[in-house]
Each structure stands twice: as C-alpha cells, then as structure tokens.
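One-letter residues, chain by chain:
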Amino acid sequence: MIHLITELSKYLMIILFAFYAYYSFTVLAAREGGKRQKRMFRTQTTCMFLIHLDAYIVIFGNQQEIKYLMFYAMQLVFFIVVFIIYRLIYKKSARLVVNHMCMLLMIGFIILTRLDYSSAVKQFSIAAIAIVVTVFIPQLIRKLHALRKFTWIYAGVGIVALAAVLLFGRVSGGANISFTIAGITLQPSEFVKIIFVFYVACMFYRSTTFKQICITTVVAALHVIILVLSTDLGSALIFFITYVIMLWAATRKPSYLFAGIGVGVLAALAADRLFSHVRVRVEAWRDPFANIDGSGWQVAQSLFAIGTGGWFGMGLYQGLPNKIPVASSDFVFSAICEEMGIIFGICIILVCFSCFIMFLNIAMQIKDPFYKMIALGLGCVYGIQVILNVGGVIKFIPSTGLTLPLVSYGGSSILCTIVMFAIIQGLYILRQDEGDSNVQAREKSKQQSGGSRDNRSGWEDGKKADQSQTRQQAVRTGVESDEDELSKKIEEQTRWEDMEELW
C-alpha cells in the first residue's frame, strides 16, 4: 500500500510544483496588488502547503514514527508564522519573495528529513533562529540611512574575517572554509558576501572616478586573494564575478566588463596550474568515468542518480540518494532529482531564476543608487551560487563545492541566505515607499495646477469684463480721444496681459 501511495504522491508533487513554478512568472505580468495577482499568490501558497503535506505523509508512511509527524507540525507552525510576519508587520513586502523563500526551505526540509533526520532538525532550528534574527532587518533597511557611511568598516570586517579563516580555519574538501567556536561551526565567507556587496555599493555611491575605482578594486582583490590562499575558490569566484558586474553597472563602461572577463580567464588558467584539487575537479569534469573510483566518484554518482530518477523520479525512499557523496549539501540537487524527478529539479531552477529576476527588478526600479547597487549585488551573489551549484552537479561546469541556497544543509549558508532575502524585502518596501511618495507628489501637483487654472480663468473673465465695460463706455460717451481715459484703458489691459504672460 505504501508503495502505491509513494508512486501517486510523486506525480502529485510534480503537478503541484509545476503549477507553482508557472505562477512564479505569470504573476509578474499581473497588475501589482490586483485581484488576479492575489489569486495567483493564494494558488501558489496552496500548492506549497499541499506539496509539504504530501511529502510528509509519504515520509511517515515509510518510517512509521510519530516524531516525523511532530516535526511536520513544527514546520507548519513555522511557515504560518513567517507568512503572518510578512502579511501583518510588513504589508508592503514582496509576496513572491516570501513564497519562494518558504518553498525552497520546504524542499530542503523534505529531502534532509529523507536523508538524515538529525540534520533536518538542525537545519530547521537554524532557520527558525534566522527568521527571529532577521525580522527587524527590513525595517532597518527602510529607516537606517547611515548604512552608506560604514564603507571602511565593511571592508575591514570582511578582510579580518576571511584572514581569520586563512590562519585558523578547518580544512574541508581541500579548502579552509570554516572554524569552530564553542562547538558552533561558522563559515565566514557566507557572511562576508553580504558585507562585501555593501562595501562596493558604498564606494560606487560616492564616486565612479578612475581613482575611486582603483581603490575599490584593490580592496576587492584583497578579499579574493585571501579566499584563493584559503583555496576556497568557489567563494572567490562569487566575489570576483559580483564585483565585475557591479563595476560595469556603476560605470556603464563595457571595457571594465571585458577586462574583468580577461582577468577571470587568466586566473582560472593559473588556478589549474597552482592548485592540485582544482586540477582534480577539472579532470573529474572532463571525464568522471575515466577515474570513477577516484576523482570522478562524486560527479559520476551524481549523474547516475539523476539518470536513475528520470523525469518523474523513483519516489521518496525508493532510490539510493545516500550513495551520493555529500548528498545533503553539495549534491542535494542530485538526491532531489533521483527521488522526485528531473521535472521537479527543473522547477527548482525556475523558482531560483524567478528569485533572481525579482532581485534585478527591485534593482532597476528603486531610485536610490546606493540601494540599487545593493539589490544588484545580492542578486548576483544569489544567482551565481545557484548556477555554480547546479552546474557542478549536472557536469555543466567543474564542481566548486558550494551549497544550493535554502535547500542544502549548512547553518551559515541558510542563515546568510535568509538575511539576504530580508534585506531584499527591505529594499522592496523602500521602493514601495518611493512609489507612494511619487503618487502623493503628483496629487499635490494636480491640486496646485488646478488652483492655478482657476485663478487664470478668473483673471481671464476679469479681463473680458473690463474690456467689455471699456467698449461700452467708449460707445456711450464718444470720448476715445480723451487722453486720461485712454491711458487708464491701456494700463488695465497691460496688467492682464502681464499676468497671462507670467502664467
């Protein structure tokens, strides 16, 4: 019986997720705040909670332990609280961004529960803490205008944090990426990504002169060099690409973009010669099956899992995702495709792409150049990380060891991604405030122009009345040659003409 339920559930989840992904794009074309858009959001939310319920029915059916039902109930309360926060406290928030954040978190909780229940509980605990910590961030972004004044604080904190990892970090996968304090493992590069974006935005907000660009480039290069020395090349790539895109957007000079691409190509060739684990990953990317028992093991198992799952997947607990190396973090996308299907995986990519579009949309519409650069930078950080993770898993590019935001297991990753989404919500609300201010200004202008038209109309009526009265007097008295009377008429008519010319 449970096999039948599992088989039917995977098709139901795919259909629901396909509807969700479809509305992720069609909702962008609907009138903002209109009835049609609200109906689409409600449909998305319904699909989201049905997928969540469907998955945990299958999980409970396979495990037959009450703790899974309790865990589901805790998650349900968590997501309801998130929706209440953004519906009541932040009424102007981006509903689509909230939906996507919750949808990706749900998928992460589902697959982690399937792979390792204890990891799923840890992930849930960190997500709950992150929501509590970030609940005030949108309001801070909206009200705290001094954020643009901490330029060198951002730079200093970022460089010191990365240097601490270089000196005291723990090696994982050939790279110094984290260290442990009081039993808590931190990956500073995840936090520094956000600080780095703020630093670059501050510098380009002040000026885009050649001298300012040189100073900014030197400090940005220092971030990247420390990451390269730590052999955290995936994060170094994110920092580098994000900076090049922000530089190009701030200056509008294609020469900087082409120069960045050239430097990136040279750096990639140098990394292939200098770092042995980079050569191993490049060899595994070229032909993972040539050394399937060695360097190609991870990529080969990932491809086997995706191919085994096919379009519709094996169904939860019907595959062997635990055979995939680091399935809960770096290769979580492979585990999802094996049991939930390639179509489900494509929908995840579409949702991530919709998030990226929302980030860029906010960057284009917000007027303040400082916040515009922040939205662009965070969008680049998010989009590049998704591309590097999924691209490495499907052998499109060499694997970089990065997580899939909000889905993969990782405390620092999920905390920083939720912070990033909270900042984006603050920027979206700020954009809404700018729109409201523009509407009020237009209304005030209309009222003033309406009053001006009334005044001018009154003056024109007065002018016509005076002219008519003058003609009548001239006809009655026949004294057009009277110099005094004529001068009065000329003076009166000139007064109206001057007023008309003024308006």
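It should be emphasised that the depicted structure is a prediction, and the values quoted were computed from it without experimental measurement.

1. Let's talk about helix α3 (residues 66–89)
The periodicity of an α-helix, 3.6 residues per turn, causes residues three or four positions apart to be oriented the same way.
Phase 1: With 24 residues, α3 extends 34 Å between its outermost C-alpha atoms, agreeing within 8% with the 34 Å of an ideal straight helix rising 1.5 Å per residue.
Phase 2: Listed in full, the buried residues belonging to α3 are Tyr68, Phe71, Tyr72, Gln75, Phe78, Phe79, Val82, Phe83, Ile85 and Tyr86.

2. Looking at the nonpolar core
Phase 1: Among the nonpolar cores identified, the biggest contains 138 residues, and Phe17, Ile423 and Leu427 are the most heavily contacted of them.
Phase 2: Here Ile423 is in contact with Ile137, Ile141, Ile194, Phe198, Ile374 and Leu378, once residues within four sequence places are set aside.

3. Some thoughts on the layout of surface pockets
Phase 1: Taken as a whole, the second largest pocket spans an internal volume of roughly 630 Å³.
Phase 2: Surrounding the second largest pocket, 25 residues form its lining, Glu32, Gln37, Phe41, Arg95 and Tyr428 being those nearest its centre.
Phase 3: Secondary-structure elements contributing two or more residues to the lining of the second largest pocket are α1 (2–29), α2 (35–63), α3, α4 (95–115), α15 (342–365) and α17 (411–477).
Phase 4: For the lining of the second largest pocket, the leading source of residues is α2, giving four residues.
Phase 5: By residue class, the composition of the lining of the second largest pocket is eleven nonpolar, six polar and eight charged.

4. A look at the environment of Lys149
Phase 1: By the secondary structure assignment, Lys149 is in the loop between α6 (137–143) and α7 (151–168).
Phase 2: The class of Lys149 is exposed, set by a relative accessible area of 63%.

5. What to know about helix α11 (residues 254–274)
Phase 1: Here α11 spans 30 Å end to end across 21 residues, near enough to the 30 Å set by a 1.5 Å rise per residue.
Phase 2: All buried positions along α11 are accounted for by Tyr256, Gly260 and Ala271. Down the axis, α11 shows its buried residues gathered within 45° of arc, on one side only. Across α11 from its buried face, at more than 90 degrees, point the exposed residues Phe258, Leu266, Leu269 and Arg273.
Phase 3: Tucked into the core, α11 has its buried residues touching α9 (210–229), α10 (233–251) and α12 (276–286).

6. Considering the environment of Leu112
Phase 1: As for its placement among the helices and strands, Leu112 is situated in helix α4.
Phase 2: Sequence-wise, Leu112 and Val407 are 295 residues apart; in three dimensions their C-alpha atoms are separated by 8.6 Å.
Phase 3: Among residues more than four places away in sequence, those in contact with Leu112 are Tyr117, Ala120, Gln123, Ser328, Val407 and Tyr409.

7. Description of a positive patch on the surface
Phase 1: A cluster of basic side chains, namely Arg31, Lys35, Arg36, Lys38, Arg39, Arg42 and Arg87, defines a positive patch on the protein surface.
Phase 2: Among the elements that make up the positive patch, the one with the highest residue count is α2 (five residues).
Phase 3: With respect to the secondary-structure elements, Arg36 resides in helix α2.
Phase 4: The class of Arg36 is partly exposed, set by a relative accessible area of 45%.

8. What to know about the confidence of the model for the chain
Phase 1: Taken residue by residue, the chain gives an average pLDDT of 84. The fraction at 70 or more is 83%.
Phase 2: Per-element confidence in the chain ranges from a low mean pLDDT of 45 for helix α18 (residues 483–502) to a high of 95 for α4.
Phase 3: In the predicted structure, residues 473–483 sits below a pLDDT of 50 and forms six contacts with residues beyond four places in sequence or in another chain.
Phase 4: Contacts for the low-pLDDT stretch residues 494–503, under 50 throughout, to residues beyond four places or in other chains number 13 contacts.

9. A look at the side chain of Gln425
Phase 1: Here Gln425 shows up in helix α17.
Phase 2: Gln425 sits in the buried class, given a relative accessible area of 2%.
Phase 3: Dropping the residues within four chain positions of it, Gln425 is found in contact with Tyr86, Ser93, Ala94, Val97, Val98 and Pro138.

10. With respect to the packing of aromatic side chains
Phase 1: Applying the stated criterion to the full structure yields 29 aromatic pairs.
Phase 2: Summarising the aromatic geometry, the rings of Phe196 and Phe239 are spaced 4.9 Å apart at their centres and angled 50° between planes, so their arrangement reads as tilted. In this pair, Phe196 is assigned in helix α8 (residues 188–206) and Phe239 in helix α10, connecting sequence segments 43 residues apart. Across the pair, exposure class does not vary: Phe196 and Phe239 are buried alike.
Phase 3: Here the aromatic rings of Tyr382 and Phe421 are separated by 5.7 Å at their centres, their planes lie at 80°, and the arrangement is edge-to-face. Placement of the pair is Tyr382 in helix α16 (residues 369–393) and Phe421 in helix α17, with a sequence separation of 39 residues.
Phase 4: Look at Phe421 and you get buried, because its relative accessible area is 1%.
Phase 5: Chaining the aromatic ring pairs together yields one cluster made of Tyr56, Tyr68, Phe71, Tyr72, Phe78, Phe79, Phe109, Tyr117 and Phe124.
Phase 6: Between Arg114 and the ring centre of Tyr317, over which it is positioned, the NZ or CZ distance is 4.6 Å.

11. Here we look at the pattern of salt bridges
Phase 1: If you walk through the whole model with that rule in mind, you get six salt bridges.
Phase 2: Note that Glu339 is salt-bridged to Arg114, the shortest N-O span being 2.9 Å. Of this pair, Glu339 sits in helix α14 (residues 332–340) while Arg114 is found in helix α4, placing the two residues 225 residues apart along the sequence. Just as Glu339 is buried, Arg114 falls in that class too.
Phase 3: The salt bridge partner of Arg148 is Asp368, with a shortest N-O separation of 2.9 Å. Of this pair, Arg148 sits in the loop between α6 and α7 while Asp368 sits in the loop between α15 and α16, and the two are 220 residues apart along the sequence. Just as Arg148 is buried, Asp368 falls in that class too.

Calculation rules
- Residues numbered from 1 in each chain as written.
- Predicted model: local features only at pLDDT ≥ 70, side-chain atom pairs only at ≥ 80, totals over all residues.
- Heavy atoms only, no water.
- Helix = DSSP H or I, 4+ residues; strand = E, 2+ residues; numbered from the N terminus.
- Expected span 1.5 Å × (residues − 1).
- Buried < 20%, exposed > 50% of the residue type's maximum accessible area, 1.4 Å probe, protein only.
- Core = buried A, V, L, I, M, F, W, Y, C linked by side-chain atoms within 4.5 Å.
- Contact = heavy atoms within 4.5 Å.
- 1 Å grid on protein atoms, 1.4 Å probe; cavity = no way out; pocket = protein on both sides within 12 Å on 5 of 7 lines; lining within 4 Å.
- Points joined across faces, edges and corners; volume = space filled by probe spheres on them.
- Nonpolar A, V, L, I, M, F, W, Y, C, P; charged D, E, K, R; others polar.
- Arc of directions from axis to C-beta.
- Patch = residues over 30% accessible without salt bridge, like charges linked within 9 Å, V, L, I, M, F, W, Y side chains within 5 Å.
- Areas by Shrake-Rupley, 256 points an atom, 1.4 Å probe, with all protein chains shown as cover.
- Salt bridge = Lys/Arg side-chain N within 4 Å of Asp/Glu carboxyl O.
- Lys, Arg positive; Asp, Glu negative; His and termini not counted.
- Charge placed at Lys NZ, Arg CZ, Asp CG, Glu CD.
- pLDDT = per-residue confidence, 0-100.
- Phe/Tyr/Trp six-rings, centres within 6.5 Å; stacked < 30°, edge-to-face > 60°.
- Lys NZ or Arg CZ within 6 Å of the ring centre and 35° of its normal.

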